[in-house]
Amino acid sequence: MTDVQSDRDVRDGVDALLDRYAGLSVRDHCVVVFSPDSREPAAWLVAGLKQRGLSAQVIGMRPLVDYGFAARLKAAVPDPESFTGRLVVFTLERDTMSHFAQLLHVMQQFGSDRCMVVRIISASREFFEQALKLGPEELSARNATLLTRLTKARSVRVRSKGGTDLRIRLDAGRYDWISNRGVWRPGGFTILPAGEIATYPAGIEGRLVADGALNCNVITRIDTRLGARPLTVDIADGRATGFSGGSDEVRELVELCFRQPHGTRVGELGFGTNSGIGLFIPANSHINERRVGVHIGFGQHNQDRAVVGYEEKVHLDLITDGAELHIDDDTEPVDLADLRVTGAEHPALVRDEDITGDCCGFGYGELTDPVAASAIG
Amino acid sequence: MTQNTTETPSYESLVEDALRELSAAESAEVLVPVGSGDEGPLMAWFVAT
């Protein structure tokens, strides 16, 4: 791909973000919050706003801890009575999703029905080039197609060309399904990149061959792609029992994750639904999770603490390159890469993805070997 | 008589302007690097990641 074409793709992504996802009008007031690692993606966004004749206030922020952020944010928010549109806040970060409490406070102060907060993680060239090719309506329709069947199913067998073969029990009455589709709702944050459904498996066993990528909630610069060296993980009774494959640096990370107190437990069954994402990217990124395929999240789970009692800080997603679902052992599989959208309405009882705290800034140095640490202590 | 013409700035020039504006918004406090084991959160709860 030439640079010219690449720049065109970035601009198409900016247009999609502003028009399809945010639905901006000239009456809206925009604030762009960015961390230094996302300066260039933020510039593409600000340029898109200026091209539309929309002004935006920009706020720099330090990821994770920034004691001056609340004051800077407050100063950038206008009096709700001074204009008739919405307050639209874009936040862009590469590895993290920071300052939840401060942003929630602004939303509540301003009025949640007139405030949209778009939270972008994995802010990058690839985010604009690939992750926004499908809009929220298309992603919502794709998620609805799958959820309509899966929320009623008792089991699903997941297979992939790479060799994955997992038998999974489902229980939608007990475990929430979550849908990430880039759709705004009052009082919620819009999390991007979008395109995923997920739940907690009531039971899971078999073999996972992760030949797509991994995504872990630590800050790491390793190449996360697994296409050249897939990771094979055997799973029994909801836990990883062993793994093989992967590069040396990938194995090191996986070993550290699995050594955490609940690191081998399967905490998430997820399906990427964003067919606009063509390639896995080297970065430790949510873009890879949204690509079509299955991902099994080890460690931290995605349910209410009252439903799944254990707590784990680390979450390691291992992602396949595509997958077929045999729902309730249906002989006709659903191919995630060739999903036939039914037009079903999105189920109302499914939780929209949201955050209730800061995310993903776990320093790699904090990910210690607990056995070694206890020996030192 | 002179005729005033206004040229629409290109997207590329708007990006350059935006980069300068964004850099100006980065205080020294903001630019302190996030280190390994920084004061980071305990992962809170990021559903379905």
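The rules we used
Residues numbered from 1 in each chain as written. Chains lettered and ligands numbered in written order. Predicted model: local features only at pLDDT ≥ 70, side-chain atom pairs only at ≥ 80, totals over all residues. Pairing = 2+ DSSP bridges. Helix = DSSP H or I, 4+ residues; strand = E, 2+ residues; numbered from the N terminus. Axes fitted to C-alpha atoms, helices over the stretch in contact; angles between N-to-C directions. Core = buried A, V, L, I, M, F, W, Y, C linked by C-beta atoms within 7 Å. Buried ≥ 20, exposed ≤ 12 C-beta atoms within 10 Å, placed from the backbone. Contact = placed C-beta atoms within 7 Å. Domains from an automatic or database assignment.

### So, the sheet that holds strand E8 (residues 189–192) of chain A
Note: strands within a sheet are paired through backbone hydrogen bonds, in either parallel or antiparallel orientation. Residues and elements named next belong to chain A. Here we have five strands laid out as an open sheet, ordered E2-E1-E3-E4-E8, and parallel in their pairing. Each having just a single partner strand, strand E2 (56–60) and E8 make up the two edges of the open sheet. In this sheet, adjacent strand axes meet at a mean angle of 20° when their direction is disregarded. Sheet topology places strand E1 (residues 29–34) next to strand E3 (residues 87–92); six bridges connect them, and they run parallel. Each bridged residue has a counterpart across the sheet, and for Cys30 the counterpart in E3 is Val88.

### Let's talk about the nonpolar core
All names here are of chain A. The biggest cluster of nonpolar side chains holds 108 residues, and the ones touching the most others in it are Val32, Leu45, Val46, Phe90, Ala210, Leu214 and Leu318. Element by element, the count of residues in this core is highest for helix H2 (residues 39–51), at seven residues. With near-sequence residues (within four places) excluded, Phe90 lies in contact with Cys30, Val32, Val33, Leu45, Val118 and Ile120.

### Points about the pairing of strand E13 (residues 239–245) of chain A
All names here are of chain A. Bridging between strand E12 (residues 231–236) and E13 involves six bridges; their strand directions are antiparallel. Looking across to E13, one finds that Leu231 is bridged to Gly245. Between E12 and E13, which follow one another and run antiparallel, lie two residues, and Asp237 among them has a positive phi close to 50°.

### Examining the domain arrangement of chain A
Residue and element names in this part refer to chain A. Here chain A is described as being made up of domain 1 (3–130) and domain 2 (134–376). Just the C-alpha atoms count here: the centres of domain 1 and domain 2 sit 27 Å apart. Contacts between the two partners involve 24 residues from domain 1, matched on the other side by 26 residues from domain 2. Breaking the side of domain 1 that touches domain 2 down by element, the ones donating at least two residues are helix H1 (3–21), strand E4 (115–120) and helix H5 (125–131).

### As for unusual backbone geometry
Residue and element names in this part refer to chain A. A cis amide bond links Leu192 with the next residue in sequence, Pro193, at an omega value of 5°. As for its placement among the helices and strands, Pro193 is situated in the loop between E8 and strand E9 (196–199). The residue Asp328 is not glycine, and still its phi comes out positive at about 50°. Within the secondary structure, Asp328 is located in the loop between strand E17 (324–327) and strand E18 (334–335). On the basis of neighbour counts, which here come to 13 C-beta atoms within 10 Å, the residue Asp328 falls in the partly exposed class. In this structure, Asp329 is a non-glycine residue whose phi angle is positive, near 60°. In this structure, Asp329 sits in the loop between E17 and E18. Under the C-beta neighbour-count criterion, Asp329 is labelled exposed, with 11 such atoms within 10 Å.

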